[in-house]
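What follows is the residue order along each chain.
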Amino acid sequence: MIYKTFEEVVGKVKDLDGRTRMAVAAAGDEHTLEAALHARKEGIVEPVLVGDKAVILDILAKLGETVPEEDIYDEPDLAKAAEKAVALVREGKAQFLLKGRLDTGVLLKAVVNKDHGLGKGGVMSHFTVFEVPSYHKLLAPVDGGMVTYPTLEQKKAIIENSVEALRAIGYDCPKVGVLACVEKLNPKMPETVEGDALKQMNQRGELAHCVVEGPISYDCAVSKEIAAFKGFESPCAGDCDILVAPNIHAGNVMGKMLAVTCGAKMAGFIVGAKCPIAMTSRGSTAEEKYNSIALAALAARGMEGL
């Protein structure tokens, strides 16, 4: 299956049996609590709040909301709040994480802790999904947020992380395009060499549960007409689900162009840990936060079955 809109994702989450429990690290933040409580109201999640209890209760009172006493864990220290939120997932009391008012590095330090964290020993990457008005389904350009200049092995891990996320929300065999400015292997262009290498890995079964094409230009990856005009034949031509950027700058620029210039809606979270980690920023729109929570909730439930 595929999703064309975030509305379809939200509908799928609402159809799940029971609500997905979301641990909020450093929950004493009005924007974060608004997003979490809105998702609760819509039947998406049940938030578990970790942070300065006095601050959390003040914000809840201001918002005219309440949370069950047993779902609020008092921990004013930010590092300890991150550790507690991670522990709640490890103990099965929550199924994914949402970052509250703390630095990303503080939360990730707790996540990657070798003894008490949620790391899987591999690369973690940023998974973003866009609903682009001119594209026929959701599109995931990666990685524009974490891995700066990925090596070949890191690109392989980014693909594996992203494929796992899409499979968790219901995709059978995502189509992956490894981007370059041309569609042909050129030894003088490392991006094309790595794109071809990743395609070969896929054909040898080293990259499973997906179809990888590389190198492929952006226009061929998203337009069947342009691919046909160029004589570029591939099952991924004009039908990619995932676009692998050459580096963080290309991925970041691509995402911002889709959102700012093309009017695309966005959602995302960190993948590669034992659960999704939603990292919405204070600058994110309410819609982006809501879509990110819904997408992460659906992926968290789906990962339980992979």
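Here's what I pulled together on the structure shown here. Keep in mind that what you see is a predicted model, and the values were worked out from it rather than measured. (Residues numbered from 1 in each chain as written. Predicted model: local features only at pLDDT ≥ 70, side-chain atom pairs only at ≥ 80, totals over all residues. Heavy atoms only, no water.)

### Observations regarding the overall build of the chain
Summing up its helical and strand segments, the chain has eleven helices and eleven strands in all. Here the chain has a C-alpha radius of gyration of 20 Å; the compact-globule value for 306 residues is 19 Å, and the two agree. When the backbone C-alpha atoms are referred to their principal axes, the chain occupies close to 65 × 40 × 30 Å. Among the 306 residues that make up the chain, the fraction classed as buried is 53%. Residue pairs in contact within the chain that sit at least 24 positions apart in sequence constitute 71% of those at least 6 positions apart. Surface accessibility of the chain: about 13700 Å² in total, with carbon and sulfur atoms responsible for 52%. Counting 35 positive and 42 negative side-chain charges, the chain places the centres of these two groups 2 Å from one another. (Helix = DSSP H or I, 4+ residues; strand = E, 2+ residues; numbered from the N terminus. Rg over C-alpha atoms; globule rule 2.2 N^0.38 Å. Buried < 20%, exposed > 50% of the residue type's maximum accessible area, 1.4 Å probe, protein only. Contact = heavy atoms within 4.5 Å. Areas by Shrake-Rupley, 256 points an atom, 1.4 Å probe, with all protein chains shown as cover. Lys, Arg positive; Asp, Glu negative; His and termini not counted. Charge placed at Lys NZ, Arg CZ, Asp CG, Glu CD.)

### Comments concerning the pattern of salt bridges
Scanning all chains against the criterion turns up 18 salt bridges. Across the pair E194 and K155 runs a salt bridge, and its minimum N-O distance is 2.8 Å. Of the two residues, E194 is situated in helix α7 (residues 190–203) and K155 in helix α6 (residues 152–168); the sequence distance between them amounts to 39 residues. Just as E194 is buried, K155 falls in that class too. Look at the salt bridges and you will find they share partners, linking K137, K175, D239 and D241 into a network. (Salt bridge = Lys/Arg side-chain N within 4 Å of Asp/Glu carboxyl O.)

### Focus on the environment of E30
One can find E30 in helix α2 (residues 30–41). As a C-alpha pair, E30 and L60 span 30 residues in sequence and 8.4 Å in three-dimensional space. For E30, the residues in contact, after removing those within four places along its chain, are I59, K62 and L63. A distance of 2.9 Å separates polar atoms of two side chains, one belonging to E30 and the other to K62. (Polar contact = N/O pair within 3.5 Å; in protein donor to acceptor, adjacent residues only side chain to side chain.)

### Remarks on the nonpolar core
In terms of nonpolar packing, the biggest core is built from 85 residues, with I44, L97 and F127 touching the most fellow members. Broken down by element, this core gets its largest block of residues, ten residues, from helix α11 (residues 286–303). With 18 residues, the next largest nonpolar core counts F130, A227, F232 and L258 among its residues. (Core = buried A, V, L, I, M, F, W, Y, C linked by side-chain atoms within 4.5 Å.)

### What about the sheet that holds strand β6 (residues 140–142)?
Backbone-to-backbone hydrogen bonds pair the strands of a sheet. The strands run either parallel or antiparallel. Pairing is parallel in the open sheet, where four strands are placed in the order β6-β9-β7-β8. The strands lining the two open edges of the sheet, one partner per strand, are β6 and β8 (211–216). Strand-to-strand twist in this sheet, taken as the mean axis angle between neighbours without regard to direction, amounts to 20°. With four bridges joining them, strand β7 (residues 175–179) and β8 adopt parallel strand pairing. Note on β8: the bridge partner recorded for L179 is I216. Against the sheet, α6 touches β6, β7 and β9 (242–244), its axis set at about 165° to β9. (Pairing = 2+ DSSP bridges. Axes fitted to C-alpha atoms, helices over the stretch in contact; angles between N-to-C directions.)

### Digging into the pairing of strand β5 (residues 125–131)
Most of β5 sits out of view: seven of its seven residues are buried. Residues S125, F127, V129 and E131 line one face of β5 and the alternating positions H126, T128 and F130 line the opposite face, and both faces are buried. Alignment of β5 against strand β10 (residues 265–271), held across seven bridges, turns out to be antiparallel. Looking at the pairing, T128 lines up with G268 of β10.

### Structural notes on the environment of L16
Along the chain, the position of L16 falls in the loop between α1 (6–14) and β1 (20–25). For the pair L16 and H31, spaced 15 residues apart in sequence, the C-alpha separation works out to 26 Å. Once you skip the residues sitting within four places of it in the chain, L16 turns out to touch L298 and R301.

### Some points on the packing of α2 against α11
In the contact formed by α2 and α11, the axes pass within 9 Å of each other and the chain directions differ by 55°. By the criterion of interaxial angle, the relationship of α2 to α11 is oblique. Between α2 and α11 lies a crossing whose hand is right-handed. Touching H31, A35, A36, H38 and A39 of α2 are K289, Y290 and I293, all from α11. (Parallel < 35°, antiparallel > 145°, perpendicular 65-115°, else oblique. Left-handed = near helix turned anticlockwise from the far one by under 90°.)

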